[in-house]
Structures are given as structure tokens and as C-alpha cells.
Amino acid sequence: AHHQPADIPQEIAESIYTLTKETLDALGIKDGAGHTEVFLTESGDIRVVEAAGRMGGEFIGSHMVRLSTGYDFVGNVIKVALGQAPDPPPEHNEAFAGVYYVLPESGQIKEIKDHSGSYPEVVETVKIKEVGDTAPELIDGAGKRSGLFVYRSESRWRTNDPGSILNFVTE
């Protein structure tokens, strides 16, 4: 799963913002999208683990930024690529957004139970696998997902059981 905004104190968020800007500047990334990932250590240190001149994947740039802030990240990346000025960012976060990935037990998919319509927070459901497909053995999450759903909520929203919303029944 991915969620935004991060559930961290404002002081840490400001430090991450400053470090991110310094990192992208050091890499010469001045125009267009920037994607920076950090780890926050137990001692409170912030460590950059990835920085690139691209939008975030995993539905971050394409969905979550717009859903949580109201900012059209994709549209503004296109504007910059065309030499146009981007829109100014909103002054504050409007909501919370995220994506949950569904990783069923390995085996042949016999049934898909989609209960997302019962959750007003769920704005999009994607079924990567279909009935009859094989859900692979889960070694890591990369490329092993059978489906996902994207949510938006006015308050921080979490589910401990994404399979109760989108369930791939395997045999």
C-alpha cells in the first residue's frame, strides 16, 4: 500500500521538503517532475534512497497527488514539457489518498469478489488477473499483484484487510 500525505510531524515534513529540493538541485533536475524517496531512521535521520526526474509510479503521480491535493500533476508535467508554466500548487492538502494492492494466495483464480462499491472511499478498482488466471506464488510484491484499489478520504483511512474489499478466491 501507499498513502499520502505521510503521517509525520510538520517539522519532519519540512526537513524532507528541504532535503528533497537540495537533492534535486544537486542532480540538476530543475524542470518537470521529480520523484524522491526517503527513509526516516529510528534516530530521526532522513536518508534519500532514490531521486529521479520522473513522476512517482505505483499510482502516486497519476492518481494520489490529484486525489489528495487537487493538483493535476500529470497535466502540469505535460505543460512543463511543452514549455508552459505549471499551475501553482494548492496551499494545503484537501484529503487523503492511497492505493492498496491485492496479493492473493497462489493458485488458479476461481472467483473475484469485488465489494468496492460498498466503500465510498474507493474511487477506482483495477483487476490485473481474471478468473482462470493463475495467481503466482508470492515471493515479493513486484509484479505479483492480482488487483488493486485506489481510495480518497477526507480523513486518514486504512483497512487491515484489503481482501475484504477486493478478493481473488484461488484454488
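Above this text sits the structure in question.
Residues numbered from 1 in each chain as written. Predicted model: local features only at pLDDT ≥ 70, side-chain atom pairs only at ≥ 80, totals over all residues. Heavy atoms only, no water.

**Q** Just to check I follow, could you spell out the side chain of T69 for this structure?
**A** Mapped onto the elements, T69 comes out in helix 2 (residues 60–69). Looking at T69, its side chain comes within polar contact range of the main-chain oxygen of V65, at 2.6 Å. Excluding anything up to four places from it in sequence, T69 contacts P90, H92, N93 and E94. (Helix = DSSP H or I, 4+ residues; strand = E, 2+ residues; numbered from the N terminus. Polar contact = N/O pair within 3.5 Å; in protein donor to acceptor, adjacent residues only side chain to side chain. Contact = heavy atoms within 4.5 Å.)

**Q** I would appreciate a short explanation of helix 1 (residues 10–26) in the present structure.
**A** Given 3.6 residues to a turn, an α-helix orients residues that are three or four positions apart in the same direction. Taking 1.5 Å of rise per residue, 17 residues should cover 24 Å, and helix 1 covers 24 Å from first to last C-alpha, within 8% of that figure. Among all positions of helix 1, only I16, T20, T23 and L24 are buried. On an axial view of helix 1, the arc spanned by its buried residues comes to 90°, and they lie on one face. Away from its buried face, by an angle of more than 90 degrees, helix 1 presents the exposed residues Q10, E11 and A26. Buried residues along helix 1 sit against strand 2 (35–40) and strand 3 (46–52). (Expected span 1.5 Å × (residues − 1). Buried < 20%, exposed > 50% of the residue type's maximum accessible area, 1.4 Å probe, protein only. Arc of directions from axis to C-beta.)

**Q** Mind showing me how you'd approach the packing of aromatic side chains here?
**A** Think of a pair of aromatic rings as described by two things: how far the centres are apart, and how the planes are tilted against each other in angle. Enumeration according to the criterion identifies five aromatic pairs in this entry. Ring centres of Y151 and W157 lie 4.9 Å apart, and the angle between their planes is 55°; on these two criteria the pair is classed as tilted. For W157, a relative accessible area of 12% corresponds to the buried category. Among the aromatic side chains, those forming a connected cluster through ring pairs are Y100, Y119, F149, Y151 and W157. (Phe/Tyr/Trp six-rings, centres within 6.5 Å; stacked < 30°, edge-to-face > 60°.)

**Q** Got a minute to help me understand the side chain of H63 in this structure?
**A** Here H63 lies in helix 2. Not counting residues within four places of it along the chain, the set of residues in contact with H63 comprises E124 and V150.

**Q** Explain the sheet that holds strand 9 (residues 166–170) to me, please; I cannot follow it from the model alone.
**A** Paired through their backbone hydrogen bonds, the strands of a sheet run either parallel or antiparallel. Spatial strand order, 7-5-9: three strands in an open sheet with antiparallel pairing. Whereas interior strands pair on both sides, the edge strands pair on one side only; in this sheet they are strand 7 (134–135) and strand 9. Alignment of strand 5 (residues 107–114) against strand 9, held across five bridges, turns out to be antiparallel. When the sheet's bridge partners are listed, D114 is paired in strand 9 with L166. (Pairing = 2+ DSSP bridges.)

**Q** Quick question: what am I supposed to make of the nonpolar core here?
**A** Nonpolar side chains in soluble globular proteins generally cluster together in the buried interior. Grouped together as the largest cluster of nonpolar side chains are 11 residues: Y100, V102, I109, V122, A135, F149, Y151, W157, I165, L166 and F168. Looking at this core, the elements with two or more residues in it are strand 4 (96–102), strand 8 (147–153) and strand 9. Ignoring anything within four residues of it in the chain, the contact list for F149 reads G98, V99, Y100, V122, E124, T125, W157, T159, P162, I165 and L166. (Core = buried A, V, L, I, M, F, W, Y, C linked by side-chain atoms within 4.5 Å.)

**Q** Any chance you could explain the sheet that holds strand 1 (residues 2–4) here in plain terms?
**A** Pairing in this open sheet of four strands is antiparallel, and the strands run 1-4-8-6 from one edge to the other. This sheet does not close on itself; its edge strands, each paired only once, are strand 1 and strand 6 (122–127). Looking at each pair of strands side by side, their axes are set apart by 10° on average, direction ignored. In this sheet, strand 8 lies alongside strand 6 in antiparallel orientation, the contact comprising five bridges. The residue bridging E124 from the neighbouring strand is V150, located in strand 8. Each of strand 1, strand 4, strand 6 and strand 8 is contacted by helix 2, which is oriented at about 35° to strand 1, the strand it contacts most. (Axes fitted to C-alpha atoms, helices over the stretch in contact; angles between N-to-C directions.)

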